[in-house]
Amino acid sequence: MTTANIKELTDSRDTVNKWMERFGVRFGVYKHGVFNEQLFPFDSVPRIISKSDWEYLEVGLKQRVTALNLFLWDIYHEKKIVKDGVIPEEFVYSSKGYMPECEGISPCEKVYAHIAGIDLVEGKDNKWYVLEDNLRIPSGASYPMIARNITRKVSPGTFATNAVADNRDYTDMLRDMMSEMCEGKGIAVILTPGRYNSAFFEHSYFAEKTGATLAYPGDLFVEDDKVYYAGMFKDKTRVGCIYRRVSDKYMDPMTFESSSLLGVPNVMQAYKAGNVALINAIGNGVADDKGIYYFVPKMVDYYLHEKSILQNAPTYLPYFKEDYDYVLNNLQKLVIKDVSEAGGYGVLFGSELSPEKLAEMKDLIVKFPRRWIAQEVIDFKDLELLEDDKLVWRKADLRAFVVTGKETKVWKSGLTRFSRNPDSFVVNSSQGGGFKDTWIMTE
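Now for a look at the structure at hand. Every residue gets a number counted from 1 within its own chain, in the order that chain's sequence is written. In keeping with the predicted nature of the model, local features appear solely for residues at pLDDT of at least 70, side-chain atom pairs appear and are counted solely at 80 or more, and the whole-chain, interface and lining totals rest on all residues. Hydrogens and waters are ignored; side-chain quantities use all the structure's heavy atoms.

**A word on the pattern of salt bridges**
Salt-bridge detection follows one rule: a side-chain nitrogen of Lys or Arg within 4 Å of a carboxyl oxygen of Asp or Glu. Tallied over the full model, the rule gives 28 salt bridges. Linking Lys 395 and Asp 382 is a salt bridge whose minimum nitrogen-to-oxygen distance equals 3.1 Å. Here Lys 395, found in strand β18 (residues 390–404), pairs with Asp 382, found in strand β17 (residues 382–387); they are 13 residues apart in sequence, far enough to count as distant. Given the relative accessible area of 22%, Asp 382 is considered partly exposed. Several salt bridges converge on common partners, so that one network encompasses Asp 119, Asp 397, Arg 399 and Arg 417. By the criteria applied, helices consist of DSSP H or I runs no shorter than four residues and strands consist of E runs no shorter than two, each listed in order from the N terminus. Classification of residues uses two cut-offs on accessible area relative to the type maximum, computed with a 1.4 Å probe and protein chains only: under 20% is buried, over 50% is exposed, and between them is partly exposed.

**So, the environment of His 203**
By the secondary structure assignment, His 203 is in helix α8 (residues 200–210). Classification of His 203 as buried rests on a relative accessible area of 1%. The criterion used for residue contact is that any of the two residues' heavy atoms lie within 4.5 Å. His 203 has contacts with Ile 190, Thr 192, Pro 193, Asn 197, Leu 214 and Arg 245, leaving out every residue within four places of it along the chain.

**A few points about unusual backbone geometry**
Residue Asn 280 is bonded to the preceding Ile 279 through a cis peptide linkage, with omega at -10 degrees. With respect to the helices, strands and loops of the structure, Asn 280 is situated in the loop between β11 (277–279) and α10 (296–304). A positive phi angle, near 55 degrees, is found at Glu 183, a position not held by glycine. Considering the arrangement of structural elements, one finds Glu 183 in the loop between α7 (170–182) and β6 (187–191).

**A few points about helix α12 (residues 355–367)**
Between the first and last residue of a helix there are one fewer steps than residues, each counted as 1.5 Å, and that sum is the expected span. In this model, α12 (13 residues) spans 19 Å end to end at C-alpha, consistent with the 18 Å of a helix rising 1.5 Å per residue. Turning to α12, its buried residues number three or more, namely Leu 358, Met 361 and Ile 365. Down the axis of α12, the buried set is contained in an arc of 60 degrees. They therefore lie on one face. In α12, the exposed residues that point more than 90 degrees away from the buried face are Glu 356 and Lys 367. Buried-residue contacts for α12 involve α11 (321–330), β14 (334–338), β15 (347–349) and β16 (372–376). Throughout, the arc means that of the directions going from the helix axis to the C-beta atoms.

**Here we look at the nonpolar core**
Only buried residues count toward a nonpolar core. Its members are Ala, Val, Leu, Ile, Met, Phe, Trp, Tyr and Cys residues joined through side-chain atoms within 4.5 Å. With 73 residues, the main nonpolar core has Leu 61, Phe 71, Leu 120, Leu 220, Ile 242 and Met 299 as its most contacted residues. Top element by residues in this core is helix α2 (residues 51–75). It accounts for 10 residues. Filtering out sequence-adjacent residues up to four positions away, Leu 220 remains in contact with Val 189, Leu 191, Ala 215, Val 227, Tyr 228, Tyr 229, Val 239, Ile 242 and Val 264. Counting 38 residues, the second-largest nonpolar core is a separate cluster that includes Val 16, Phe 200, Tyr 205 and Phe 206.

**Some points on the environment of Pro 297**
Summarising the element assignment, Pro 297 is placed in helix α10. Residue Pro 297 is classed as partly exposed on the basis of its relative accessible area, which comes to 24%. Sequence separation of Pro 297 and Ile 309 is 12 residues, and the distance between their C-alpha atoms is 8.6 Å. Among all residues touching Pro 297, those that are not within four sequence positions of it are Ser 308 and Asn 312.

**Concerning helix α5 (residues 142–154)**
The end-to-end C-alpha distance of α5 is 19 Å, a good match for the 18 Å that 13 residues give at a rise of 1.5 Å each. Burial analysis of α5 places 10 of its 13 residues in the buried class, the great majority of the element. Considered for burial, the residues of α5 that qualify are Ser 142, Tyr 143, Pro 144, Met 145, Ile 146, Ala 147, Arg 148, Ile 150, Thr 151 and Arg 152.

**Re the packing of α11 against α12**
Two elements in contact, α11 and α12, have axes separated by 10 Å at closest approach and are oriented at 170 degrees. Between α11 and α12, the interaxial angle falls into the category roughly antiparallel. When α11 is examined against α12, the residues Tyr 324, Val 327 and Leu 328 are found in contact with a partner set consisting of Lys 362, Ile 365 and Val 366. Ten residue types, Ala, Val, Leu, Ile, Met, Phe, Trp, Tyr, Cys and Pro, are classed as nonpolar, four, Asp, Glu, Lys and Arg, as charged, and the remainder, Gly among them, as polar. When grouped by side-chain class, the residues that make up the contact of α11 with α12 number five nonpolar, no polar and one charged. Here an angle of 0 to 180 degrees is reported between the N-to-C directions of two axes, which are lines fitted to C-alpha atoms, with helices fitted over the stretch in contact. Our angle categories are set so that under 35 degrees counts as roughly parallel, over 145 as roughly antiparallel, 65 to 115 as roughly perpendicular, and the remainder as oblique.

**Some words on the packing of aromatic side chains**
By convention, a stacked pair of Phe, Tyr or Trp rings (six-membered ring in the case of Trp) has centres within 6.5 Å and planes under 30 degrees apart, an edge-to-face pair has planes over 60 apart, and any other such pair is tilted. For the coordinates displayed, the defined rule picks out 23 aromatic pairs. Between Tyr 76 and Tyr 98, the aromatic rings sit 5.6 Å apart at their centres with planes inclined by 10 degrees, giving stacked as the arrangement. A residue pair is termed long-range when its members are at least 10 positions apart, and Tyr 76 in the loop between α2 and α3 (80–83) and Tyr 98 in the loop between α4 (89–93) and β4 (115–122) qualify at 22 residues. For Tyr 98, a relative accessible area of 14% translates into the label buried. Considering the side-chain rings of Phe 221 and Tyr 228, the 5.7 Å spacing of their centres and the 25 degrees angle between planes classify their relative orientation as stacked. Since its relative accessible area comes to 26%, Phe 221 is described here as partly exposed.

In structure tokens:
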């Protein structure tokens, strides 16, 4: 990328952010019972991933998501990986993400994680590490899509002179996958909890771009184990698949949380009967549990008979005696994560804890060893971003999106999130981070 390109991009940053504000590109966060909606700050200096690096990541991501889908099928059917002692039985079934109501259900094409968001960082050793697998309701793909679209308009020369993969095909990938999951049974709908959901912009954006129907609570109902859509001024229409943006426990008040007004009563009956596909499948949380993450390389070996291409960050499970001893003796230099938390919450750096807090943390690990994992601190690369008209360096990760229908495809883009705090490794939007475009080079 030339100096002129960089200047053109940095000069366009404020314009792009203003356009995104006009388009309603926001996310919301509930904190202390209050809903706060805010802009997701965009930085115009892109993350650039070389063609060779991307080819490596693409193969590794396909391999990982394939193994995770095989694991989910196995756990809710034959349970071979448990019977063979690869993963402890109590470890799987004590996971908050495991849903016994999903036992024996056979999703279309045996796909559970239709959309996977895999969070990676690039270490200063030039190796890529997976930090998390997000297989329930991964969000964020819409932000780089619309940012790129606006950037094309305000800085047209940039993409004419650089060999960057076009990222507009993500919604084509979604549309094709949803069509395959519908199997001709009906229309595709995107089920949103509504205006006050943190990712409502994304729900409406994907509905517009894929041609799917945006459904709100109350728009869907079940008759004779089939799902129908009956929005305003429309006769009922058969539904073939539901791309749900509603959490598992709120999807069916007849099966899960009885007080839920967000889901579809009896949708689990239709799902069990094979009359509707749920995207992503209910019960996926057992596979993106931070404790189960430890076993993903073992899944690759077990199901695919291959060595895992992408490596986890060095991780310890206090559940195992050897790891338990190591964690308690080295807590001050590790990252401690609560397996039940998400969005950057429940992450503690031992180096930042007082002696009293370290002692408290040790007591919690002793009492609840299954609740925690510990990781070595990955010194991952900083990326340049513009702050007060100056280029500064901040920590950044990458959420890669993998879409699985009849085949598994990796989107040639991604959500690069960065910390605006120079001393922080936490990049989540809910923790005040921003995002930038991700350029996958084709030459």
